[in-house]
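Chain by chain, the residues run as shown.
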Amino acid sequence: MAELWGTLKGLEICWQLGFRKVELEGDASEVFSILADCNAACQPRIVAKIQALIAQDWEVTLIHIPRDANSCVDWLAKSTLQKRSRFWHHQIMPNQLAHLFDQDLHEIIDPG
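Residues numbered from 1 in each chain as written. Predicted model: local features only at pLDDT ≥ 70, side-chain atom pairs only at ≥ 80, totals over all residues. Heavy atoms only, no water.

Caption draft 1: Spatial organisation of the pattern of salt bridges. Applying the stated criterion to the full structure yields one salt bridge. With a shortest N-O distance of 3.4 Å, Lys9 and Glu12 are connected by a salt bridge. One end of the pair, Lys9, and the other, Glu12, are both in helix H1 (residues 2-16), three residues apart, so they sit about a helical turn from each other. Under the relative-accessibility criterion, Lys9 is labelled partly exposed at 34%. Relative accessible area serves as the criterion here: at 25%, Glu12 is assigned to the partly exposed category. (Salt bridge = Lys/Arg side-chain N within 4 Å of Asp/Glu carboxyl O. Helix = DSSP H or I, 4+ residues; strand = E, 2+ residues; numbered from the N terminus. Buried < 20%, exposed > 50% of the residue type's maximum accessible area, 1.4 Å probe, protein only.)

Encoded structure:
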């Protein structure tokens, strides 16, 4: 459920900031499956909100990233929990994240 809330909030921010071509990356494949396969009869309200937002006049691409190549997201999620904030927004990449970013990039380019 946390992944769904993160998806909704992230898309809302992108829309509000005027981005009209967005790549939504995540390691929770079940979220992408729910968004792709869930019809009006099966969807919880949050899924309906996400689907309605995606259907607006913009391009949203869903991209699954393997969990082992997604340590940045893991760090951000844990940092947010430590701050006890419902939402945390970065204008620039935190210094602590730079090393993890390089590792993730290496995993994507050279997974073997």
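There's more to say after this.
Caption draft 2: Region of the structure containing helix H3 (residues 45-54). Those residues of H3 not exposed but buried are Ile46, Val47, Ile50, Gln51 and Leu53. Buried positions in H3, seen along its axis, are confined to an arc of 160 degrees and lie on one side of it. Looking at the buried residues of H3, the elements they touch are H1 and helix H2 (29-37). (Arc of directions from axis to C-beta. Contact = heavy atoms within 4.5 Å.)

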